[in-house]
Amino acid sequence: GRPTTGDRWNPPELAARAAYVIRGNSAGAMTRAAPDLYPHQWSWDAAFVAVGLAHVDVVRACRELDSLFAGQWRTGMIPHIVFDPSEEGYFPGPDRWASAELTDDAPRSPRTSGICQPPVHALAVERIAEIAAAHGGPAAAHVERWLPGAYDRLLAWHRYLVRERDPQGRGLLTIYHGWESGMDNSPRWDPVYAHVVVGDDLPPYARRDTAVVADASQRPEPAEYDRYLWLVEQLKRARYDDARVRPHAEFLTTDVFASAAFAVANEALASLARRLGRPEHDELLGAAERFRRGVLDARDEASGGLALDVDLVTGDHIRVETIAGFAPLISGGLDTAAERALLALLRSPRWTGHPALRHPVLPTTSPSSPEFRPRAYWRGPSWPVMNWFLAWMLNRRGAKDVAGSLRAAALAELSDGSFAEYYEPVTGEPLGSLDQSWSAAATLDLVL
Ligand code: 9WN
């Protein structure tokens, strides 16, 4: 049964439980994103899970990323799912993606999906190195030996993104599917999906997610899911070739959140280049600057300084108040007044200061906006992993105060011990999958 919202665990107990949950979700060298709902390895989940693992087992943390890297494409793309060959329980699985069948760029083994997710991996590697250094001894030595190989993988990944996902040098990453944002049904993609027309020839399918999460209102709706699958068929038609996808894509948009993460990830990789004596330091800093600028230019005065995406099919700005709007706080470069204003907005009653919230966490959509739906996945619930990530990024930029409050709020929300995928932000009810790996990982990094 579901834990009641009344039970609370203290931080050391909670961390112990989190470690137990992550270990339980292990499938050997990869960690399932969730025990039933997502029984494979997801790209950005793996990065965050590795950070959590680093606190308890640095060797296993490195292996986690190595199994993700094993799925890397010849283009440098890190796919959004690396499939566990011994698991059948997810749709769309490897047969539906058919990536290795359609392009030599995809590895034959392990099998993977054909799209990617936000590039948070270099940040994870930086954090793992930090945690290992603090532990010292064999943990630190292991990571030292592992870093050069990881660096090569990350460099190829970042170069892919610069080359194929920002070919015009806007300083903003382009995505081909809502899944690539990791925020599948965020209301910011509604206008983009509005012009995706599902053809009669969509091959039939049966969803698995709604069999696991019984309350369908917590998951994307059938019409949404049809579009997700339709886009997969379109990508297959282009044989997952970026050059063929871009000109005809029915779904094509910037992603300010992923772009901001990419800016900082480039900074992290540049430091690593320096540390390893690699020649790409300036190239990477240049990429960091380019994407930081892109995010800054995406700010909208009328939206209080939130960064907005552009639907690249229609050219329209997407005016909704979602968590992604705070992207400039991740990538930085704001002047003092603008930064203060955006931090104030974050704490205002439109966001963490909303009087109805159970904890002062950042929900995925502003509770004051018409799009807010408190139980519907990326349309309103608060995601502990996102609050933790934002706090981490704020801390990295020196906004210690706000980072501290977000950390405390995220931990309070997680202290029901369910490690839910997301929470109803008003009642604090755990929703979606329980024992979600990245919720447990965030807990470990928050407590330890
Ligand atoms: C589709 C694994 C993933 C996360 C995403 C989250 C959800 C998948 C799904 O689960 O997406 O990739 O089936 O809904 O939206 O952010 O990486 O946890």
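What counts as what
- Starting afresh in each chain, residues are numbered from 1 along the sequence in its written order.
- Only residues with pLDDT of 70 or above have their local features reported here, since the model is predicted, and side-chain atom pairs are shown and tallied only from 80 upward, although totals for entire chains, interfaces and linings are computed over all residues.
- With hydrogens and water stripped out, all remaining heavy atoms of the structure feed into the side-chain values.
- What counts as a helix is a DSSP run of H or I of at least four residues, what counts as a strand is a run of E of at least two, and both are numbered from the N terminus.
- For a compact globule the rule gives 2.2 Å times the number of residues to the power 0.38, and the radius of gyration it is set against comes from C-alpha atoms.
- Throughout, exposure labels follow a simple rule: accessible area from a 1.4 Å probe, protein chains only, divided by the maximum for the residue type, with under 20% read as buried, over 50% as exposed, and the rest as partly exposed.
- Any two residues whose heavy atoms approach within 4.5 Å are treated as being in contact.
- With residues, only the protein chains shown are counted as cover, and all accessible areas are computed by Shrake-Rupley using a 1.4 Å probe.
- Expected helix span is given by 1.5 Å per residue-to-residue step, counting one fewer step than there are residues.
- Here a polar contact means two N or O atoms within 3.5 Å. Within protein one must be a hydrogen donor candidate and the other an acceptor candidate, and residues neighboring in sequence count only if both atoms are side-chain atoms.
- When at least one non-hydrogen atom of a residue lies within 4 Å of a molecule or strand, that residue is treated as near it.
- Space inside and on the surface of the protein is sampled on a 1 Å grid over the protein atoms alone, with a cavity defined as a set of points where a 1.4 Å probe fits but cannot get out and a pocket as an open set with protein on both sides within 12 Å along at least 5 of 7 lines; lining residues have an atom within 4 Å of a point.
- Those molecules having more than half of their atoms within 2 Å of a cavity or pocket grid point set are described as sitting in that cavity or pocket.
- Gly is put with the polar residues, along with every residue not named as nonpolar or charged; the nonpolar set is Ala, Val, Leu, Ile, Met, Phe, Trp, Tyr, Cys and Pro, and the charged set is Asp, Glu, Lys and Arg.
- Take the buried Ala, Val, Leu, Ile, Met, Phe, Trp, Tyr and Cys residues and link them wherever side-chain atoms come within 4.5 Å; each set so joined is a nonpolar core.
- Criterion for a salt bridge: a side-chain nitrogen of Lys or Arg within 4 Å of a carboxyl oxygen of Asp or Glu.

(A) Local environment of the overall build of the protein. In terms of helices and strands, the protein carries 19 helices and ten strands. Whereas a compact globule of 448 residues would reach a radius of gyration of roughly 22 Å, the protein reaches 20 Å, a difference of no more than 12%. With respect to the principal axes defined by its C-alpha atoms, the protein has extents near 50 × 50 × 50 Å. For the protein, the proportion of its 448 residues judged to be buried stands at 61%. Sequence-distant contacts, at least 24 apart, represent 71% of the contacts inside the protein between residues at least 6 apart. Just so you have it, the protein exposes about 16000 Å², and 51% of that area is on carbon and sulfur atoms.

(B) Quick look at helix α2 (residues 43-56). Taking 1.5 Å of rise per residue, 14 residues should cover 20 Å, and α2 covers 21 Å from first to last C-alpha, within 8% of that figure. Most of α2 sits out of view: 13 of its 14 residues are buried.

(C) Here's a closer look at the side chain of Ser348. Position of Ser348 relative to the elements: it lies in the loop between α16 (336-347) and α17 (384-396). When its relative accessible area of 16% is taken as the criterion, Ser348 is described as buried. Only 2.7 Å separates the side chain of Ser348 from the backbone oxygen of Leu345, close enough to count as a polar contact. Non-local contacts of Ser348, meaning those with residues more than four positions away in its chain, are made with Gly353 and His354.

(D) Quick look at the site of the ligand. The environment of the ligand is made up of 16 residues, and the closest members are Asp45, Tyr90, Gly182, Asp184 and Tyr377. With respect to the ligand, the side chain of Trp44 contributes an N or O atom lying 3.1 Å from an oxygen atom. Computed on the free molecule, the ligand has an accessible area of 420 Å², of which 100% lies beneath the protein chains in the complex. When atoms are counted within 2 Å of each cavity's grid points, the one that captures over half of the ligand is the largest cavity. Residues belonging to the shell around the ligand are distributed by class as follows: nine nonpolar, four polar and three charged.

(E) View of the nonpolar core. In this structure, Trp44, Phe48, Phe326, Met386, Trp388 and Phe389 are the most contacted members of the largest nonpolar core, which totals 148 residues. Top contributing element to this core by residue count: helix α13 (residues 256-276), with 14 residues. In contact with Trp44, not counting residues within four places along its chain, are Gln117, Pro118, Val120, His121, Ser181, Gly182, Met183, Phe257, Trp378, Met386 and Trp438.

(F) View of the pattern of salt bridges. One pass over the structure, following the stated rule, counts 37 salt bridges. Here Glu224 makes a salt bridge to Arg379, at a shortest N to O gap of 2.5 Å. Of the two residues, Glu224 is situated in helix α11 (residues 222-237) and Arg379 in the loop between α16 and α17; the sequence distance between them amounts to 155 residues. In terms of burial, Glu224 and Arg379 fall into one category: buried. Residues joined in a network through salt bridges with shared partners are Glu126, Glu267, Glu289, Arg292, Arg396 and Arg397.

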